[in-house]
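Coordinate inspection notes
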Amino acid sequence: MMKWMLPVAIALATGLGGCSVYREATSSSSPTNVRWQSVATSADRDRIRDWRKAWDEALPLARKADARAVAAEPLLFDPDRALADAALPQGAYRCRTFKLGAKGTAMRDFTAYPWFDCRVADEGEVRSLHKVTGSQRPTGLIFPHEATRQMFLGTLVLGDETSPLRYGLDADRDMIGYVERIGPKRWRLVFPRPRFESVLDVVELVPAT
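Everything quoted here is computed from the prediction, not taken from an experiment. (Residues numbered from 1 in each chain as written. Predicted model: local features only at pLDDT ≥ 70, side-chain atom pairs only at ≥ 80, totals over all residues. Heavy atoms only, no water.)

1. What to know about the overall build of the chain
- Within the chain one finds 4 helices and 11 strands.
- Counting every position in the chain, which comprises 209 residues, the buried fraction comes to 44%.
- Counted over contacts in the chain with a minimum sequence separation of 6, partners at least 24 positions apart contribute 56%. (Helix = DSSP H or I, 4+ residues; strand = E, 2+ residues; numbered from the N terminus. Buried < 20%, exposed > 50% of the residue type's maximum accessible area, 1.4 Å probe, protein only. Contact = heavy atoms within 4.5 Å.)

Following this line, the structure appears as structure tokens:
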């Protein structure tokens, strides 16, 4: 199966003597007529197939943990809220992450993080999305899918790492999600069953200006 290398500065992380050595990839071109289904791993296709089950499990737990916070964002936490023209325009965004449903005992069933910086760039037939600041930073490609939903494939960059892993290299870092527009100049990126901490992650995105 083809593993598409992101059309920006992508790196392979290789353990060496207890540290990570990053090597820049040489490919900088965008995919041509590539469907996200042909790029996604089988594990990620399974995760996105069960997106509704993830919502059904995570949302009641989040409401029980903090009913007021969930009720304050009815559009953001409505699984069926999806407007036409889902594509994210290129530019700078403010983004904030909500984790719904705890995975393990170290997390709460509802966790809201502050605003960070994200950026969307036009890569030709696809767009790239990068969370620029914060300790957990999704980075990847947004593929066309349908009028109300776009698909995200990427990897998770952690801590002080400066480059992402290639998608498909480490299942624990691989990310799959979907983008929906939920209001005027307001989008969300939903990650069903991320590998760490939560049952469902919801990332809100609004233009920075």
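2. A word on the pairing of strand β6 (residues 127-131)
- By the bridge criterion, 5 bridges tie strand β5 (residues 116-122) to β6 in an arrangement that is antiparallel. Counterpart to R119 in the pairing with β6 is H130.
- The antiparallel pairing of β5 with β6 creates a hairpin that spans 4 residues between the two strands, and G124 there sits at a positive phi of about 105°.
- Bridge analysis of β6 against strand β7 (residues 136-146) gives 4 bridges, and the strand direction is antiparallel. For L129, the partnering residue across the bridge sits in β7 and is G140. (Pairing = 2+ DSSP bridges.)

3. Some thoughts on the nonpolar core
- Judged by nonpolar contacts, the single largest core of 29 residues is most densely connected at W36, W55, F77, L100, L153 and L200.
- For this core, the secondary-structure elements that each account for two or more residues are α1 (36-39), α3 (51-65), β3 (91-102), β7, β8 (149-158), β9 (174-183) and β11 (198-207).
- Counting residues per element, this core draws most heavily on α3, at 6 residues.
- Those residues in contact with L200, other than ones at most four positions away along the chain, are A54, W55, A58, F98, K99, L100, V190, F191, P192, R193 and P194.
- Judged by nonpolar contacts, the second largest core, of 16 residues, contains L88, C118, I142 and M175. (Core = buried A, V, L, I, M, F, W, Y, C linked by side-chain atoms within 4.5 Å.)

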